[in-house]
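Here is what each chain is made of, one letter per residue.
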Amino acid sequence: MINLKINDQHVNVPEGTTVLNAAKELGINIPTLCNHKDLCVAGNCRVCVVEQKGARTLIAACAMPASEGMEIYTNSLKVRNARKHIVELLLSEHKSDCTKCYKNQKCELQRLANEYSFGEEVFLDLTEEVKYKIDRSSPSFIKDDSKCIRCQRCVRTCSQLQQVSAIAVANKGSHQKISSFHDRPMSHVVCTNCGQCVNRCPTGALVEKTYIDLVWDAIYDSDKHVVVQTAPAVRVALGEDLGYDPGERVTGKMVTALKQLGFDSVLDTDFTADLTIMEEGTELLTRLKKALVDGDKEISLPMFTSCSPGWIKFIEHKYPKLLNNLSTCKSPQQMFGALSKTYFAQKRNIDPSKIVSVSIMPCTAKKYEADRPEMRSSGYKDVDYVLTTRELAVMVKQAGIDFRNLEETKYDSVMGDSTGAAVIFGATGGVMEAALRTAYEIVTGREVPFKNLNIAPVRGMDGVKEATVKIEGTTEDWNFLEGAELKVAIAHGLVNANKIARAVAEGKASYHFIEIMACPGGCIGGGGQPIPTNMEIRQKRMEAIYSEDENLPLRKSHENPEVIAIYNDFLTKPNSHKSHELLHTHYVERESY
Amino acid sequence: MENRGLIKVDLIFETIDSGKVLSKAFRMSNDEIIKEILDSGLRGRGGAGFPTGMKWKFTAAEKDQEKYIVCNADEGEPGTFKDREILDRVAYKVFGGMAIAGKAIGSKKGYVYLRGEYRFLLPQLYTELDKFHKLIKEIGYDFSIEFRMGSGAYICGEESALFESIEGFRGEPRNKPPYPTTCGVFNKPTSINNVETLVTAMMIIEKSAAEYVKLGTQDSRGSKVFSISGDTPTPGIFELELGMTVGEFVAEFGDGDTKAVQVGGASGFCVPRKKFDETIIGFEGVPTGGSMKLFNSSRSMYNVLHNYLDFFTEESCGQCTPCRVGCQQLLLGIEKVKKGEMKSVYLNELVKLADTMKVASKCGLGQSVGNAFKSIVENFREEIIY
C-alpha cells in the first residue's frame, strides 16, 4: 500500500492507483475532461492538474500514479489559476453557441465553464480564425469540428474499444484535428456508425443526428398511423436520462409515455427478436443439416448473427470474404419495419402508405441501417425514423410528462408480445442464449439443460465467451445431430469481434454459431444509450435485463403466442418464401479504409 | 572554479583511435564506465542537461533483458546545427559513444533517430556504420545500430514522442512517469542521449573524467559545441569551454552592435544587452543545447518573438490544451496588441498564460514556450507594443 497526503489528509491506496482515484477515496473531486473510465489514460486536456509538493511543474492527476510520501494539493492558488486558464483556453477554441447546441446542459465543458469561467472571456476567440467543417454525411451522427476540444476520447474509443480507427488525429499544432482517412466524409470511410464516440464526446462535437422533429411532425399528422417499436435495451436505460439510477427498469412507464406522446400503436421490437430466433435458429439448423448430412460444400459455417448493424458494416469493410457466414436474417428492427407495413397493416386494416414506422433504439447505427437500400422490402421504407434512447428522453421532457408518476401499461397488439428470450437480446450473449433455448428444444424436444433456463456460460462481460452444448436425445428429424457438440462463441465490442472474425478468416476457429454485438456489453452499452455509459453502468443495465427476463411468464421465443400466430396466419413457417422476401437480406463488400 | 573567459577548444572533432577507446571501454565494468561518466559531471548536451551518468545508472539498474540506446539526432531547435556537423565529420565517435553507453547499461541494440532534413547524410553515415559494425566485430563485442528517420516534426525531438515515432506511431509525448530509463522505446528500458553527449562520453572514457573536469565550472563541466548565427561576422560551429558570460561571448562573436542574444533557440532565453555581463552560459545561468543567435539593433524583437511563436503554433503536437491553444493565444495576442486591437495591458494576461503553460503543459515543448516569450516581452516590451 502507498501512503500519501492529499490536501493535508492521509490516504492509503494500492500501488498503481492514480492521484485522481486516491483523491476520490477521500471524497475530493478533481475535475477531468479527457479522462473516461472505459479508455486508457491520455493526460492531454490538463484540466486535472494538481500541485505536488517539491515538483517543478503541476502534474496531471489522471496520469500520475500515487507514490509513497507524496503531498498533493488539489485546490491551491497555483492549481486554480492554471485550471481556470485551461478551461478558458478550451472555451476559446470551442464554438460556444450553447443555447443552440444539442448538448446544452449535457456538455462537460459547459459544466467546467460554469465552475471556472464567468464574466468576460480572458482570451481571444480562436473559432473566428478557422473555417470549420460540419460533417453531416452519416445518417447516424454529426461531426462538428468547431465544438471539438481535442480530448481524443473519440479517437481512443474508435481504436481501443472498436479497433476501427475511422477517426484519428491529423496534423499538428493549431491545425491539429480529429479527422478521417484523407479527410473523407464519415459516410465514406470504415466508420460503423456504432456511436461509441458519440457516447463519449464531452461536448457537442459528435452528436447523433436527431429525427425528433420529423417524428413530431408524423405524430401530429392525423392522416398517418405512427407505429413505434422499442428495443430491449431501451427499457433498462431510459430511466437514467429521466432521473433514475442506472439499472432501473421502466418498461411499463415507457409504454405509457409513448402513448401519451401520441404514437398510434406502441409495439415491441421484442416481438421480432423472438421472430429472429425462429428464423435464425432454423437457418442455423438448416445450414448444419446441409453441411453435415448432405455434405454441401457451399454452406458457410460458422454462422454469425446479424442483429447488430455496426457489426454488419464492420464485416462489410474488414472481412467481406466472410459475408456468406452472416445469417441472412435482418435485424429485429428491420423485420419489425417490414412487418409493420405488411402484416400489421393487414391485421389492423390500415393502408401501409399511411403507416409511419418509428423505432426507439439504444443505437446510432440503426439510423444508418434503416436508410440502407436493402431495407425496403415492404414496398416502402421499412423503418422511417430511428430515435436513440436519449432522443426519446428528450421527447418525454419536451412533452412535459411527469415520467416518475406514470402508470405502467402494456404494449399494444399485434406485434407487442414478447418473451424473456427476446428481452435478453439487449445484453451480450443474449441472442445466443435465446437461440439455444429454442434450438435445443426443437432438436431434442426438451428444455435446454441449464438451471432456470439461464445459460450462464454465455453471460457476463468477458470480451470473448465460448461454450459447448452437447446434443443428446434428439428427435427423429434431427438424429443426425445426436451426440454432436454445438460450439458457440460470443463477442462484444468490435475489438473482440475482430479477434473472432480473424480466427474464422484464418480457419483457426471451430465454432458453429457466433454472436457478435458491435458495442461493449451488447445493446445495453449501445452508442445511443444515456451518457455516461461505462463498465459499472453497463453491468447494472445487464442485471436489469436478466431480471426482466426472469420476471416474464414466457421465456422461450417459440412460445410467444403472437409468433405462433404470425406463422399460422402470414409467414407459414420459418425460412418460408414469404419470410425470405420480408425478413432476410444480403450485404455488400465495402472498401477497407 | 573561476570563470576563465572565452576559450576555444578542439575535442569533439579531434581524431581518435576508435578501436583503442572501445577496447578500453569494453574491458571496463559497467559500474566503472558509469562512475567515470558520473565523475566527469557530464550533463546532456541536447539542452535539458540531465546528468548523463545518472541516466545510464538508472537504465543499468533495470532488470529487463532487452534495453536500448537511442541517439537523438532529431536536431530541430531553431538555430542549432552542431549535430549535423558532428555526424558529418565524426560519426564514428557517435557510434562509439552508443556502444560504450550500451556496454554501461547492458544494451546490445541502438537506434539513431535522424532528423528528416538530414537524409542527405545517410549514404555516408551508412558507410561509417558499416565500418563501425566491422570494428565492433573485430573487437569481439556484440552491439548493432540502426537508423530511423524523422519526418520533420519538431516535437519528435522530445524523447517520448521520438519513441512513438520509432515505433511507427504519431509522434506525441507520453505521460511521465514512467520515464524512458524504465519504459522507453518498445516499452523497454532506454537511455536516450544527444549526439554530442555520446561523443563527449567517448572522449571522457578516452581521456578520463579527471582530465575532463579541468574544463568548465562546477555546474557546467567541460566544453560544448555552439551553433552561432544571426548578426555575427563569424557564423558557424565553435567548441567553447563552458562558463563564459554572454558578454565575453558577444565580445568574440558580436558585430559591435549586439542588442540581444537568444541562448538555446526558440525554447531558450533572450538575454538583453544590459544583462550580458551578469549572465553565464551554462546550467548556472542560461543553459543551451548549442544555439546562440545574435541580434543587432536593426532587428525588431517583435518580429523575433512573432517568428518563435509562429514556429511553436505550428510545431506543438496539439495534444495538450496549454500548448496547443496557449501558443495560438500568445501569437494572436501579440498581433492584436501590435495592431492596437487589444490594450497593451493584455500582455500581462499573456505573461500569466505563459506561466500556466510552463507548469501545466505535458512536455518540454509547451513548458518552454514561456522562456522566449517572457524574456522578450519583459525586456523589450516597448518593441512589442509600438
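Undergrad: Mind showing me how you'd approach the overall build of chain A here?
TA: Each helix and strand in chain A was counted, giving 19 helices and 18 strands. In summary, chain A has a C-alpha radius of gyration of 25 Å against a globular reference of 25 Å for 593 residues, a match within 12%. In terms of overall dimensions, chain A has a C-alpha envelope of 80 × 55 × 50 Å along the principal axes. In chain A, which comprises 593 residues, the proportion classed as buried is 53%.

Undergrad: How should I be thinking about the sheet that holds strand S15 (residues 385-388) of chain A in this particular structure?
TA: Sheet strands pair by backbone hydrogen bonding; their relative direction is either parallel or antiparallel. All names here are of chain A. Read across the open sheet, the four strands follow the order S12-S11-S14-S15; overall the sheet is parallel. Strands at the two margins of the open sheet, each flanked by one partner only, are strand S12 (265-268) and S15. Pairs of neighbouring strands in the sheet enclose a mean axial angle of 25°, with direction left out of account. Sheet topology places strand S14 (residues 355-361) next to S15; four bridges connect them, and they run parallel. Within S15, the position partnered with Met361 by the bridge is Thr388.

Undergrad: I'm lost on the sheet that holds strand S9 (residues 291-296) of chain B in this one. Help?
TA: Residue and element names in this part refer to chain B. The strand order S6-S5-S9-S7-S8 describes an open sheet built from five strands, whose pairing is mixed. The open sheet has two free edges, formed respectively by strand S6 (236-241) and strand S8 (269-272), since each of these has just one partner strand. Adjacent strand axes in the sheet meet at a mean angle of 30° when their direction is disregarded. In the sheet, strand S5 (residues 223-230) pairs with S6 via six bridges, with the strands oriented antiparallel. What sits directly across from Phe226, in S6, is Phe238. The sheet strands contacting helix H9 (residues 246-253) are S5, strand S7 (258-263), S8 and S9, and the helix crosses S7 at an angle near 115°.

Undergrad: What is the right way to read the interface of chain A and chain B from this model?
TA: Quoted interface sizes are often the accessible area lost when the parts come together. With 29 residues of chain A at the interface, the matching set in chain B holds 30 residues. Sorting elements by how many residues they give to the side of chain A that touches chain B places helix H2 (residues 77-92) of chain A first, with seven residues. Residue classes in the side of chain A that touches chain B are distributed as 16 nonpolar, nine polar and four charged.

Undergrad: Looking at this structure, how should I read the packing of helix H3 (residues 52-61) of chain B against helix H4 (residues 82-105) of chain B?
TA: Packed helices, taken two at a time, are described by the angle between their axes plus the distance between the axes. Residues and elements named next belong to chain B. The contact between H3 and H4 brings their axes to 8 Å, and the two run at 45°. Considering their axes alone, H3 and H4 lie oblique with respect to each other. Contacts between H3 and H4 involve Trp56, Thr59 and Ala60 from the former and Ala101, Ala104 and Ile105 from the latter. For the contact of H3 with H4, a count of residues per class yields five nonpolar, one polar and no charged.

Undergrad: Looking at this structure, I do not really get the domain arrangement of chain A. What am I missing?
TA: All names here are of chain A. On domain assignment, one finds that chain A holds domain 1 (2-75), domain 2 (91-208) and domain 3 (279-329 + 427-532 + 551-583). For domain 2 versus domain 3, the distance between C-alpha centres works out to 37 Å. Where the side of domain 2 that touches domain 3 is concerned, the elements lending two or more residues are helix H4 (153-161) and helix H5 (196-200). By residue number, the principal contributor to the side of domain 2 that touches domain 3 is H5, which donates three residues. Residue composition of the side of domain 2 that touches domain 3, grouped by class: five nonpolar, eight polar and two charged.

Rules behind the numbers
Residues numbered from 1 in each chain as written. Chains lettered and ligands numbered in written order. Predicted model: local features only at pLDDT ≥ 70, side-chain atom pairs only at ≥ 80, totals over all residues. Helix = DSSP H or I, 4+ residues; strand = E, 2+ residues; numbered from the N terminus. Rg over C-alpha atoms; globule rule 2.2 N^0.38 Å. Buried ≥ 20, exposed ≤ 12 C-beta atoms within 10 Å, placed from the backbone. Pairing = 2+ DSSP bridges. Axes fitted to C-alpha atoms, helices over the stretch in contact; angles between N-to-C directions. Contact = placed C-beta atoms within 7 Å. Nonpolar A, V, L, I, M, F, W, Y, C, P; charged D, E, K, R; others polar. Parallel < 35°, antiparallel > 145°, perpendicular 65-115°, else oblique. Domains from an automatic or database assignment.

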